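Residue-level structure breakdown
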Amino acid sequence: DYFVHWTRRQDGPWPDQSEADFIDDLLLRKESTSHSAFAALSRIVQQRRLIASATGIRGEAVVVSFSAKPLRELTKQRTFRAHRGRWDCEAYGLCLRRNWLQARGAKPVIYGNDEHWSPLPISDRAFFQLKTTRSRRGAKMIDWSQEAEWRVPSDLDLSEAGREDVLLFVPTEDEARQLAAISPWPVLVMPVTLASLTSTLSA
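Below is a short write-up of the structure. (Residues numbered from 1 in each chain as written. Predicted model: local features only at pLDDT ≥ 70, side-chain atom pairs only at ≥ 80, totals over all residues. Heavy atoms only, no water.)

**With respect to the overall build of the protein**
The secondary structure content of the protein amounts to 7 helices and 15 strands. The buried share of the protein, reckoned over its 203 residues, is 40%. The contacts of the protein with a sequence gap of at least 6 include a subset with a gap of at least 24, amounting to 67%. About 11,200 Å² of surface is accessible on the protein, with carbon and sulfur atoms providing 51% of the total. (Helix = DSSP H or I, 4+ residues; strand = E, 2+ residues; numbered from the N terminus. Buried < 20%, exposed > 50% of the residue type's maximum accessible area, 1.4 Å probe, protein only. Contact = heavy atoms within 4.5 Å. Areas by Shrake-Rupley, 256 points an atom, 1.4 Å probe, with all protein chains shown as cover.)

**Structural notes on the side chain of S67**
Among the secondary structure elements, S67 is positioned in strand 3 (residues 64-67). On the accessibility criterion, S67 (6% relative accessible area) is buried. Of the polar contacts made by the side chain of S67, one reaches the backbone nitrogen of K69; its length is 3.2 Å. With near-sequence residues (within four places) excluded, S67 lies in contact with F3, V4, L74, E147, A148 and E149. (Polar contact = N/O pair within 3.5 Å; in protein donor to acceptor, adjacent residues only side chain to side chain.)

**Concerning the pattern of salt bridges**
Under the definition given, this model contains 6 salt bridges. In this structure, the salt-bridge partner of K131 is D143, at a minimum N-O distance of 3.4 Å. Here the residue K131 occupies a position in the loop between strand 9 (128-130) and strand 10 (132-134), and D143 occupies one in strand 11 (residues 141-143), the gap between them amounting to 12 residues. Across the pair R151 and E149 runs a salt bridge, and its minimum N-O distance is 2.8 Å. Note on accessibility: R151 and E149 belong to one class, buried. (Salt bridge = Lys/Arg side-chain N within 4 Å of Asp/Glu carboxyl O.)

**Focus on helix 2 (residues 37-47)**
The element helix 2 is largely enclosed, with a buried count of 9 among its 11 residues. Those residues of helix 2 that fall on the buried side of the exposure criterion are A37, F38, A39, A40, L41, S42, R43, I44 and V45. The elements touched by buried residues of helix 2 are strand 2 (49-50), strand 6 (93-97), strand 14 (166-170) and helix 6 (173-180).

**Section: helix 6**
Within helix 6 the residues assigned to the buried category are E175, A176 and L179. Projected onto a plane normal to the axis of helix 6, the buried residues spread over an arc of 105 degrees and lie on a single side. Exposed and oriented more than 90 degrees from the buried face of helix 6 are E173 and R177. (Arc of directions from axis to C-beta.)

**Describing the nonpolar core**
Generally speaking, nonpolar side chains in soluble globular proteins are found buried as a group. F66, L94, L96 and L101 are the most contacted members of the largest nonpolar core, which totals 28 residues. Contributions of two or more residues to this core are made by helix 2, strand 3, strand 6, helix 4 (98-102), strand 12 (149-152), strand 14 and helix 6. Sorting elements by how many residues they give to this core places helix 2 first, with 5 residues. Sequence-distant contacts of F66, defined by excluding residues within four places in its chain, comprise F3, V4, H5, L50, L96, L101, A148, E149, W150, V152 and L156. Listed in part, the 7 residues of the second largest apolar core include W6, L71, L74 and M190. (Core = buried A, V, L, I, M, F, W, Y, C linked by side-chain atoms within 4.5 Å.)

What follows is the structure in structure tokens.
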């Protein structure tokens, strides 16, 4: 019933922040200079908005991505993607109700190869993803269809989401308390397990 969206550490300005504002924050040593995964999740809650991004999307379409797989299953298969310099799943994020997302344009990703890209209608290209690619060193084939990805081709206004439409998750009780103080939605504490920390690294 729910799709998962991870938040990640942001190196540099936030998606809607200028380089100049980011540098000003650094010089003034504002609390907002923290761009951790928890800070990203807190910012989403405060703004009531998920900002679409073109990072890693062919054709540079801006989207918000989700996984249709259960949260705990995703955590167990957590893998470090060396070519992207990050884990594919994080300990912070939010789950949104499937029906709520579909009403706002969410569709499943179209997995295929280069031959499938050209004939796709322009309206469908934001939902395309290569099914398989090789890791940075070419030693391992990555099957992206295992992510069961869905996308929304625009920003998401979360101010329209009811209490039953969103569930936040963090790894510690302290962070849960901090989020609960500013969130209209429930917060789940989901500790990072030893298994997820010792997941096999990608080549």
